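# Structural overview
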Amino acid sequence: EVVDCSAEPVSVVGLEATTITANGGPSNCALSAEGVFCWGLSDVPPLGSDQRVRRFLPEEVMGWSNPTLLDTGSINTCGTVMSGAVRCSGDNTSGQLGDDSEVEESVLPVNVEIADALEVDVASGGQFACARTASAISCWGSDRAGQLGNGEDQPDECTDDSATTYDCSRTPVEAEIDASTIEQMDLGSEHVCALQTDGTVVCWGANFAGQLGRLDGVDRPRPTPVEGLEDPREIAAGGDRTCAVTADRGLTCWG
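All of these numbers come straight from a predicted model, not from anything done at the bench. (Residues numbered from 1 in each chain as written. Predicted model: local features only at pLDDT ≥ 70, side-chain atom pairs only at ≥ 80, totals over all residues. Heavy atoms only, no water.)

## Considering the state of the cysteines
- Applying the stated criterion across every chain yields a total of 6 disulfides.
- The disulfide bridge from cysteine 78 ends at cysteine 88, spanning 1.9 Å between sulfur atoms. When the S-S torsion is 110°, as for the bridge of cysteine 78 with cysteine 88, the disulfide is right-handed. Note that cysteine 78 is positioned in strand β6 (residues 76-81) and cysteine 88 in strand β7 (residues 85-91), a separation of 10 residues in sequence. The residues cysteine 78 and cysteine 88 share a single accessibility class, namely buried. (Disulfide = S-S within 2.5 Å. Helix = DSSP H or I, 4+ residues; strand = E, 2+ residues; numbered from the N terminus. Buried < 20%, exposed > 50% of the residue type's maximum accessible area, 1.4 Å probe, protein only.)

Written out as structure tokens, the structure is:
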């Protein structure tokens, strides 16, 4: 099948961006002084339609007043606004809007009960999201593999297309970790890793490919140290793998 593509960089028309986020899916979004703009295939169909919309030029996404942070997954977008509130839009089949609603989706961003987030991340394809504040890392949405990190059965149940029921939380739950020790976090499809101020990395969630740095293939619902890392300075998680940049500019990956 032949698809439109470009092997060379092309300029995005009519947009001066301060932050851009690409999710590995069929869309991109950018934060600018004017608001949030997205192009490509929309997270969800517009109201009154069952078809996702393909945008060939950046279009402003309504409901983002004075945005300050932004991150996108394949079917969700989350970010923060000037007031300090966290907001999410898109799919809600696993409660990943975080507003305690049972609607299937929302085109407009809704408020999540978290304030003053330092970092927001959305799992691409994993149907969950996390936010880091000075006092906590809180996650919401699917908990199939323990990726919410609080080590407990979640208050809600969700059901997938094959009628399989799994744990989920439609509101944020706090991961079992001292957020004051965290410098950075990143989300894979069903796992989370966090870099701590003491130079260690902890991960939780799915481990079927060793993405938590453990060879046993056992999922972890609580933060678990990654062994064998020497002086990591930055981490990146994606899909079923994790990587770290070390102080000597080395790169270590697992999963």
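## Considerations on the nonpolar core
- Within the largest apolar cluster, 16 residues are counted, with the highest numbers of intra-cluster contacts made by Phe128, Cys130, Ile137, Ile177 and Trp204.
- If you list the elements that add at least two residues to this core, you get β10 (128-132), β11 (137-142), β14 (182-187), β15 (191-196) and β16 (201-205).
- Look past the residues within four positions of isoleucine 137 in its chain and what remains in contact with it is Ala131, Arg132, Val173, Glu174, Ala175, Ile177, Ala179, Ile182, Met185 and Trp204. (Core = buried A, V, L, I, M, F, W, Y, C linked by side-chain atoms within 4.5 Å. Contact = heavy atoms within 4.5 Å.)

## So, the pattern of salt bridges
- This model, assessed by the stated rule, comprises 7 salt bridges.
- In this structure, arginine 144 engages aspartate 160 in a salt bridge whose closest nitrogen and oxygen atoms are separated by 3.1 Å. Linking arginine 144 in the loop between β11 and β12 (156-159) with aspartate 160 in the loop between β12 and β13 (165-174), this pair joins segments that are 16 residues apart in sequence.
- Residue arginine 144 is classed as partly exposed on the basis of its relative accessible area, which comes to 38%.
- Between arginine 233 and aspartate 231 there is a salt bridge, with the nearest N and O atoms lying 3.1 Å from each other.
- With relative accessibility at 37%, the residue aspartate 231 sits in the partly exposed group. (Salt bridge = Lys/Arg side-chain N within 4 Å of Asp/Glu carboxyl O.)

Functional significance is not addressed by these values, which are geometric in nature.
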